[in-house]
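Given next are the chains, with one letter for each unit.
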Amino acid sequence: MNKLRNVIDVVEFCKERELPARLVGRWVWIEFPDKPGEDIRQALKETGFRWNRKRLAWQHNCGHYTRAAKGYDPRDKYGAVNIERVTTRKWYQSEMLLG
């Protein structure tokens with residue numbers, strides 16, 4: 001499996017697998033209630049997700065590299081949008097321009 005770089009592709013990957021993903025700024029975060037199985041963890045790694053033990057979430061930067069958020073939680077700064085609301089590239093682009 002190739003690493004995904006585009007936020008829409010990452011969102012589609014999550015939707016296809018019914019993962020509990022949310023958009024936090026321009027990143028996709030996945031927070032599981034319990035540790036996922038090895039097969040899910042491996043698929044996440046192969047797709048470009050990384051485990052953030054401080055935030056307790058799998059995170060994918062979708063090609064938007066940033067410095068580590070120190071002193072604040074990105075969920076508080078940017079909010080978190082359930083990926084089910086992301087329906088098209090046009091929706092995403094309009095939200096990023098407004099947000």
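Use the structure listed above.
Conventions adopted
Residues numbered from 1 in each chain as written. Predicted model: local features only at pLDDT ≥ 70, side-chain atom pairs only at ≥ 80, totals over all residues. Heavy atoms only, no water. Helix = DSSP H or I, 4+ residues; strand = E, 2+ residues; numbered from the N terminus. Buried < 20%, exposed > 50% of the residue type's maximum accessible area, 1.4 Å probe, protein only. Contact = heavy atoms within 4.5 Å. Areas by Shrake-Rupley, 256 points an atom, 1.4 Å probe, with all protein chains shown as cover. Salt bridge = Lys/Arg side-chain N within 4 Å of Asp/Glu carboxyl O.

1. Overview of the overall build of the protein chain
For the protein chain, the count of helices and strands is four helices and five strands. If you list the helices and strands of the protein chain from N to C, you get α-β-β-α-β-β-α-β-α. In the protein chain, which comprises 99 residues, the proportion classed as buried is 35%. Put simply, of all contacts in the protein chain between residues at least 6 apart along the chain, 61% involve residues at least 24 apart. Of the roughly 6,700 Å² that the protein chain leaves accessible, carbon and sulfur atoms contribute 49%.

2. Quick look at the pattern of salt bridges
Here the structure, examined in full by the defined rule, presents five salt bridges. Notably, a salt bridge pairs E31 with R22, separated by 2.3 Å at the nearest N-O pair. Classification of E31 by relative accessible area gives partly exposed; the value is 25%. E31 serves as the salt-bridge partner of R75, at 2.6 Å between the closest nitrogen and oxygen. One end of the pair, R75, is in helix 3 (residues 74–78); the other, E31, is in the loop between strand 2 (27–30) and helix 2 (38–47), with 44 residues separating them in the sequence. Overlapping salt bridges bring together R22, E31, D73 and R75 as one network.

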